[in-house]
Amino acid sequence: MEEINNIEVVPCTNSNYLKPFRLHYNQNGTRKSWDFMRTHDSVSVLIFNTTSHCFVLVKQFRPAVYMCEWEKARQQPPDPSEETAEEGGAAASTATTPSAEGAASAAATEESSEGPAAAAAEEEGAAASSSSSSSASPSTAGGQPPAAVGVTYELCAGLVDKPQLSLEEIARQEVLEECGYDVPVAKLRRITSYRSGVGVTGAKQTMFYAEVSEENRVGAGGGQPEEGELIEVVTVPLHEAMTFAYDESIPKTMGVIFSFIWFHNNMSPKYKISTNV
């Protein structure tokens, strides 16, 4: 999941998922314009495993998040203290580096005094150093950040792109494909619906709640590779849920935070369990 390379950003001239438009309109006598994108509505599902008392989430690489982090890294000015340290190190190296002849003589003297084993050890050390340098994280080689900055924790979710299916049926399919649980449509509880990306897409997402147990597990999940999905199923213990929700170092969607709060307010009293708020 976290090996990302050969990145190329090109104009998007045709897409099955996004269609850009520019709207011209009058508002209270003032002529205005607004750029927006038309996209599909979606469903999401908060899954709670009653056997393990864990929430079931999905974790996947999101190119949009990754590129936002890359752009942010590009805009950050270099650390002056690091530049000063590098300049100082270069000056010290220049001042103390002997001539080529002197270095060769010193190396020959050192090898003869310490023996071939020491020279071999030095060669191995130099090779290891070179290998370590070449395999360093992309953020230190070429400015590309590591793929991990584009990985997010999310609710199981999917697009509403099958007109013949109800929202509940689409949600059931997503739970089965992404997380491996077979949940009857009748067991899906509708939490609410809301608009997301109101300044850009205005798409509607409908959120459901589903309780599962190990008896419902019929597969490993992971999405559909043939559709380009590469999903990791992860769990969050109930007693850690609210800490997880408010931990800003963990990249997650707003749906995760909201649904955990909803569970705390609506389901915890029923189960007489604490979500560690």
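The rules behind these values
Residues numbered from 1 in each chain as written. Predicted model: local features only at pLDDT ≥ 70, side-chain atom pairs only at ≥ 80, totals over all residues. Heavy atoms only, no water. Helix = DSSP H or I, 4+ residues; strand = E, 2+ residues; numbered from the N terminus. Buried < 20%, exposed > 50% of the residue type's maximum accessible area, 1.4 Å probe, protein only. Contact = heavy atoms within 4.5 Å. Areas by Shrake-Rupley, 256 points an atom, 1.4 Å probe, with all protein chains shown as cover. Salt bridge = Lys/Arg side-chain N within 4 Å of Asp/Glu carboxyl O. Polar contact = N/O pair within 3.5 Å; in protein donor to acceptor, adjacent residues only side chain to side chain. Core = buried A, V, L, I, M, F, W, Y, C linked by side-chain atoms within 4.5 Å. Expected span 1.5 Å × (residues − 1). Arc of directions from axis to C-beta. Phe/Tyr/Trp six-rings, centres within 6.5 Å; stacked < 30°, edge-to-face > 60°. Lys NZ or Arg CZ within 6 Å of the ring centre and 35° of its normal.

## Observations concerning the overall build of the chain
- Check the secondary structure of the chain and you find eight helices and nine strands.
- Taking all 277 residues of the chain together, the buried fraction comes to 27%.
- Pairs at least 24 apart in sequence give 67% of the contacts found in the chain among residues at least 6 apart.
- Total accessible area on the chain is roughly 17,600 Å²; 53% of this is exposed by carbon and sulfur atoms.

## Quick notes on the pattern of salt bridges
- Applying the stated criterion across every chain yields a total of seven salt bridges.
- Salt-bridge contacts for Arg62 lead to Glu154; the nearest nitrogen and oxygen are separated by 2.8 Å. Pair noted here: Arg62 is in the loop between β4 (54-61) and α1 (63-75) and Glu154 is in strand β5 (residues 151-154), with a separation of 92 residues, a long-range link.
- Across the pair Lys162 and Asp161 runs a salt bridge whose closest N-O atoms are separated by 3.4 Å.
- In this structure Lys162 comes out as partly exposed when scored by relative accessible area, which is 26%.

## A look at the side chain of Asn49
- With respect to the secondary-structure elements, Asn49 resides in strand β3 (residues 42-49).
- Of note is the side chain of Asn49, whose polar atom sits 3.3 Å from the side chain of Tyr181.
- A distance of 2.8 Å separates polar atoms of two side chains, one belonging to Asn49 and the other to Glu214.

## Looking at the nonpolar core
- Within the largest apolar cluster, 23 residues are counted, with the highest numbers of intra-cluster contacts made by Leu46, Phe55, Leu57, Tyr209, Phe244, Phe260 and Phe263.
- If you list the elements that add at least two residues to this core, you get β3, β4, β8 (203-212), β9 (232-237), α6 (241-246) and α7 (254-266).
- Tallying contributions element by element places α7 first for this core, with five residues.
- Residues contacting Phe244, with those up to four places away along its chain left out, are Leu57, Tyr153, Val236, Ile250, Lys252, Val256 and Phe260.

## With respect to the environment of Cys68
- Here Cys68 shows up in helix α1.
- The class of Cys68 is exposed, set by a relative accessible area of 54%.
- Expressed as a C-alpha distance, the spacing of Cys68 and Val149, which sit 81 residues apart in the sequence, is 9.5 Å.

## Re helix α5 (residues 167-179)
- Over its 13 residues, α5 runs 18 Å from end to end, which matches the ideal 18 Å to within 8%, given 1.5 Å per residue.
- Along α5, the positions that sit buried rather than exposed are Ile170, Ala171, Glu174, Val175, Glu178 and Cys179. The arc that holds the buried residues of α5, viewed along the axis, is 140°, so those residues lie on one side.
- Each element contacted by the buried residues of α5 is listed here: β3, β4, β6 (156-159), β8 and β9.
- Looking one or two residues past α5, Gly180 carries a phi angle of roughly 85°, positive in sign.

## So, the packing of aromatic side chains
- One pass over the full model with this rule turns up 12 aromatic pairs.
- Note on Phe48 and Phe55: the rings are 5.3 Å apart at their centroids and 50° apart in plane angle, and the pair reads as tilted. Here Phe48 matches Phe55 in class, with each residue buried.
- Ring centres of Phe244 and Phe260 lie 6.2 Å apart, and the angle between their planes is 50°; on these two criteria the pair is classed as tilted. One end of the pair, Phe244, is in helix α6; the other, Phe260, is in helix α7, and 16 residues separate them in sequence. For the residue pair Phe244 and Phe260, the accessibility class agrees, reading buried in each case.
- Three or more aromatic residues joined by ring pairs make a cluster, and in this case those are Phe48, Phe55, Tyr153, Tyr209, Phe244, Phe260, Trp262 and Phe263.
- The lysine or arginine in question, Arg74, covers the ring of Trp70, its NZ or CZ lying 4.7 Å from the ring centre.
- Its end group placed over the ring of Phe244, Lys252 keeps NZ or CZ at 5.6 Å from the ring centre.

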